[in-house]
Amino acid sequence: MSIVNRFEEIAEALFTGVFKKDQTKMQPVVIARELVKVMHQHKQISVSQVYVPNVYRIFLNPGDWSPLTSFGNSFLLELSKYVYAEGRRFGYTFLTKPAIELHADEQIEPRQMSIEVDVDDAIVVEWEDVSEEALLEEDQREQTNIYREEVRTNFAPPPANSRNQEYFLEVMEGEDTGRRYPLKGDIVYLGRHSQCEITLSDPEASRRHIKLTREAAGWLLDDLGSTNGAWVNGRRTARQAIVPGDKIQIGQTALTLRLSGNGVEREPGGDS
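Residues numbered from 1 in each chain as written. Predicted model: local features only at pLDDT ≥ 70, side-chain atom pairs only at ≥ 80, totals over all residues. Heavy atoms only, no water.

Visitor: Account for helix H3 (residues 62–69), with residues named and values stated.
Guide: Listed as buried for H3 are Asp64, Pro67 and Leu68. Looking straight down H3, one finds that the buried residues subtend no more than 100° of arc, so they occupy a single side. Between a side-chain oxygen at the N-terminus of H3 and the backbone nitrogen of Gly63 the separation is 2.8 Å; the capping residue is Asn61. (Buried < 20%, exposed > 50% of the residue type's maximum accessible area, 1.4 Å probe, protein only. Helix = DSSP H or I, 4+ residues; strand = E, 2+ residues; numbered from the N terminus. Arc of directions from axis to C-beta. Polar contact = N/O pair within 3.5 Å; in protein donor to acceptor, adjacent residues only side chain to side chain.)

Put into C-alpha cells, the structure is as follows:
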C-alpha cells in the first residue's frame, strides 16, 4: 500500500467518531492535500535539483484546530510522511524530513486554512515507527504495481517484427519542428539542459522537464516537477505509460512517439 493511500486509512482510523460523523469540521485529508498543493507551488528549481520547503505552518480556526491537538504528534507525523512521499514521487528534494506545525488563528474562517512555508536545515523530524528507507520502498512497490497493471491494460502487444525496431521522438510543433530523436538507453531525459539526452530549444521547457524510462512493454513518462507540466494526448499527467502515436506536449513543443523499422530512422517528410 502506498503512503498516499496509507495516510487516508490512518487518518480515518485516528479520527473516526471525531470527524467522520461531523462534516462541519475540517477534514484531515483536506489538510494533507492542501499541503501537497502548497509544496508544488513553492518548489525552487536549481541546476540539478528541485527543492521544496521542509517547514509547513498550518493556521486553522480554533474550532478546527482544537480537535486535532488532542492526538498529539501522531497526526503531524503522518502528515510529514505524506508530504515527503508525495515530494519524492515528483523527484523533489527536501533539506530534511518535513516539519508540520498546527496553529490556531481566530482570523481564519471555519473549515478554511492558511499555510506558511519555510526552509530550515536545522529541523529534525523523527519517524520512530518506520524508517525512511522502508517508507520509500513501500511507495515504490505500489507505484511499480500500479504501472504493471497499466501495462497490461494500456499497451498493445508489440509487433512480431519489433526486434529490429527502435523508438524515437519526432517534433511536430515548436522551435525544433522536424527533428527526430532516437530513444537510446533505458532512461532518457528531455529538457533545456545541455546534459539531457534530448535538449530542447523551447524557452518554456524546464531544464529537466520529463524522464522517459524503458519498460518491457514500452516507455513510462514522468514529469520532473516542471513549471508548465507535461501533457499526453491533451491531458496533463505526472506519470503515464506511452505508446507509439501518443503526443507529448512540453511548453510549446509537441512530440510524437514513433517506432522505426530495422533500426533505420526515416528522414522527415519521407515516405512512411
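Visitor: Outline the packing of aromatic side chains, supporting the account with residue identities and numerical values.
Guide: To describe a pair of aromatic rings, one takes the distance between the centres and the angle between the planes. Applying the stated criterion to the full structure yields three aromatic pairs. Their ring planes at 25° and their centres at 6.0 Å tell us that Phe90 and Tyr92 sit as a pair that is stacked. The exposure class of Phe90 is buried, given its relative accessible area of 14%. Judged by relative accessible area, Tyr92 falls into the buried class, the value being 3%. (Phe/Tyr/Trp six-rings, centres within 6.5 Å; stacked < 30°, edge-to-face > 60°.)

Visitor: Go over the side chain of Thr237 with me, naming the residues and quoting the values.
Guide: Mapping Thr237 onto the fold places it in strand E13 (residues 235–237). Classification of Thr237 as buried rests on a relative accessible area of 11%. Engagement of the side chain of Thr237 in a polar contact is seen with the backbone oxygen of Arg239, the distance being 3.1 Å. Among residues more than four places away in sequence, those in contact with Thr237 are Leu221, Asp223, Ala230 and Val232. (Contact = heavy atoms within 4.5 Å.)

Visitor: An account of the sheet that holds E13 is requested, with residue identities and associated values reported.
Guide: Strand pairing in a sheet relies on backbone hydrogen bonds, with the paired strands running either antiparallel or parallel. A sheet is described by the order of its strands in space; here six strands give the open sequence E7-E6-E16-E15-E12-E13, paired in antiparallel fashion. The two strands at the open ends of the sheet, each matched to only one other strand, are strand E7 (180–182) and E13. Within the sheet, the average angular offset between the axes of one strand and its neighbour, ignoring direction, is 30°. Across three bridges, the pairing between strand E6 (residues 166–173) and E7 is antiparallel. Note on E7: the bridge partner recorded for Glu170 is Arg180. (Pairing = 2+ DSSP bridges. Axes fitted to C-alpha atoms, helices over the stretch in contact; angles between N-to-C directions.)

Visitor: Would you mind going over unusual backbone geometry in detail, with residue names and values included?
Guide: Phi angles above zero are rare outside glycine, and Arg111 is one such case at about 65°. Secondary-structure assignment places Arg111 in the loop between strand E4 (99–104) and strand E5 (113–118). A positive phi angle, near 55°, is found at Asn233, a position not held by glycine. Among the secondary structure elements, Asn233 is positioned in the loop between strand E12 (230–232) and E13. With relative accessibility at 45%, the residue Asn233 sits in the partly exposed group.

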